[in-house]
Amino acid sequence: MTDLGQALGLYLHWPYCARICPYCDFNVYRPKGDDEALLAAILDDMADWRERTGPRALASLHFGGGTPSLMKPDWIARVIEAADRLWGLSTGAEIGLEANPNDQARFAGIAQAGVGRLSLGVQSFDDAVLAGLGRDHDGSGARQAIDMALSSFDRVSVDMIYAHAGQTLSDWRTELGEALATGAGHISAYQLTIEPGTAFGKRTERGETLAVDGDSAADLYELTGEMCEAAGFPAYEVSNHARSDADRSTHNRIYWEGGDWIGVGPGAHGRLGRSTADGGRIATTAARRPSDYIAGVATRGSGVPDAGREQLSPHDDMIERAFLGLRITDGLDLDHLAAATGCQPEAAGIDRMIDEGFLARDGVRIRLTPAGRLLADRVTREILP
Ligand code: SF4
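The shown structure was predicted, so the numbers you read here are calculated from the model rather than taken from an experiment. (Residues numbered from 1 in each chain as written. Predicted model: local features only at pLDDT ≥ 70, side-chain atom pairs only at ≥ 80, totals over all residues. Heavy atoms only, no water.)

Engineer: Sorry, what's going on with the UniProt feature "domain: Radical SAM core" (unreviewed entry) in the protein chain here?
Structural biologist: As recorded in UniProt, the feature "domain: Radical SAM core" (unreviewed entry) lies at residues 2–234. Each end of residues 2–234 is marked by a C-alpha atom, and these two atoms are 18 Å apart; helix forms 41% of the span and strand 20%. (UniProt positions renumbered as here; feature names shortened; annotations may be inferred. Helix = DSSP H or I, 4+ residues; strand = E, 2+ residues; numbered from the N terminus.)

Written out as structure tokens, the structure is:
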């Protein structure tokens, strides 16, 4: 499998959603019609980015959001054409898009535009669960959308949410079993988290219980791993499971493996400069509001305001790479980490986590054990200086 630690990806954030889900803390807005001004700004921003990155071919182009399946297929085609003209798409580059099941009538057009991988926000097949999550599709719409996606795209991911209040192991076994049997080659199973500031966050503050407790969530997580493994979808990351190496998400692997990515569109994040050790890794955040983003591109030529450009210290770069790199089952290459950042995690912390059964060492790599994966962030914090 290719090492994506040296790769370049392009992430496009389309910030509109037909309905804002009550658990979502992404940078999202209700659309006020087709926003062609935003498309034009994104295309201009891409041209500006090309001057900074120089001629490096893209290993992935990912349309995220928000709901990029709300974009017109010919707009998607224009972005793909621009990316290919500006940087070039490397052989086998992944062109992926996140889709709402309700947009299934557009899937054939989106595929024709050049998208090869669809990540479908199914979340559940149960109408009552979908209503509780505030989703605007139902189980039968999800099933039809999966069929449409499988007939339109080479690669499909079915994205699910679990650990909502009241969900039993038996409920999840049924839902996940259906997802695994669809014929899709990739399953993302995300645990529902209650984020402050969201509608679910406010309802939780008022005393409602909307997610299962920690022990139940751990049981559901373990069941997820067991069922995916048994069905031939081993985990390659804490929440992601693929039938084969080719089914893994290149876009996400670039994040986890320490590659570079450009972020265009409102609120998009980017990382550029492969190594802080030899030149400086920069974190970028584009203006969040679509109007500010468009105005920024018009006046500065860039969607990233000065305040959205941060030089990462080698130490901060190492911490970020450790958090991301330990999420993947292949683990974190300590030699690569030291070469990229000039910094190391704490040897004593690593030994302690190995002794406690949360980490395993394999040559220069460390990786989370199944027990460690349940506590990924805590284990990572234990090994950081
Ligand atoms: S569709 Fe996705 S991005 Fe949009 S509000 Fe719902 S969870 Fe957030």
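Engineer: Before we go on, may I ask you to explain the packing of helix α11 (residues 314–325) against helix α12 (residues 334–341) in this structure?
Structural biologist: Any two packed helices are characterised by how steeply their axes cross, that is the angle between the axes, and by the distance between the axes. It is the contact of α11 with α12, at a shortest axis distance of 9 Å, that shows an interaxial angle of 150 degrees. Between α11 and α12, the interaxial angle falls into the category roughly antiparallel. The chirality of how α11 crosses α12 is right-handed. For the pair α11 and α12, contact is made by Pro 314, Asp 317, Met 318, Arg 321 and Ala 322 and by Leu 337, Ala 340 and Thr 341, respectively. Here the residues of the contact of α11 with α12 are counted per class, giving five nonpolar, one polar and two charged. (Axes fitted to C-alpha atoms, helices over the stretch in contact; angles between N-to-C directions. Parallel < 35°, antiparallel > 145°, perpendicular 65-115°, else oblique. Left-handed = near helix turned anticlockwise from the far one by under 90°. Contact = heavy atoms within 4.5 Å. Nonpolar A, V, L, I, M, F, W, Y, C, P; charged D, E, K, R; others polar.)

Engineer: Would you mind going over unusual backbone geometry with me for this structure?
Structural biologist: Excluding glycine, residues mostly have negative phi values, and the peptide bonds linking residues are mostly trans. Cis geometry is adopted by the peptide bond preceding Gly 66, which originates at Gly 65 and carries an omega value of 20 degrees. Here Gly 66 is to be found in the loop between β2 (58–65) and α2 (73–86). Positive phi, normally seen in glycine, also occurs at Gln 123, with a value near 70 degrees. You can see Gln 123 is positioned in strand β4 (residues 117–123). We classify Gln 123 as buried; its relative accessible area is 10%. Phi at Ala 163 is positive, roughly 80 degrees, even though this residue is not glycine. (Buried < 20%, exposed > 50% of the residue type's maximum accessible area, 1.4 Å probe, protein only.)

Engineer: Before we go on, may I ask you to explain the sheet that holds strand β14 (residues 359–362) in this structure?
Structural biologist: The pairing of strands in a sheet comes from backbone hydrogen bonds and takes either a parallel or an antiparallel form. Strand order in the open sheet formed by three strands is β13-β15-β14, with antiparallel pairing between adjacent strands. The sheet terminates laterally at β13 (332–333) and β14, the two strands that pair on one side only. Strand direction decides the pairing type here: β14 and strand β15 (residues 365–368), joined by four bridges, are antiparallel. What sits directly across from Asp 362, in β15, is Arg 365. Packed on one face of the sheet, helix α13 (residues 347–355) meets β14 and β15 and runs near 110 degrees to β14. (Pairing = 2+ DSSP bridges.)

Engineer: Any chance you could explain the pattern of salt bridges here in plain terms?
Structural biologist: Any two side chains of opposite charge can pair, given that their charged atoms come close. Counted under the stated rule, the structure contains 19 salt bridges. The shortest N-O distance in the salt bridge between Arg 106 and Asp 103 comes to 3.7 Å. The salt bridge partner of Glu 382 is Arg 352, with a shortest N-O separation of 2.8 Å. Placement of the pair is Glu 382 in helix α15 (residues 376–382) and Arg 352 in helix α13, with a sequence separation of 30 residues. (Salt bridge = Lys/Arg side-chain N within 4 Å of Asp/Glu carboxyl O.)

Engineer: Just to check I follow, could you spell out the nonpolar core for this structure?
Structural biologist: In summary, soluble globular proteins display a tendency toward joint burial of nonpolar side chains. Judged by nonpolar contacts, the single largest core of 88 residues is most densely connected at Met 46 and Phe 63. In this structure, this core is formed jointly by two domains, domain 1 (4–255) and domain 2 (314–382), each of which donates at least three residues. Those residues in contact with Phe 63, other than ones at most four positions away along the chain, are Leu 12, Pro 68, Met 71, Ile 76, Val 79, Ile 80, Ile 95, Gly 96, Leu 97 and Glu 98. Ala 59, Ala 242, Ile 254 and Ile 328 belong to the second largest nonpolar core, which has 12 residues in total. (Core = buried A, V, L, I, M, F, W, Y, C linked by side-chain atoms within 4.5 Å. Domains from an automatic or database assignment.)

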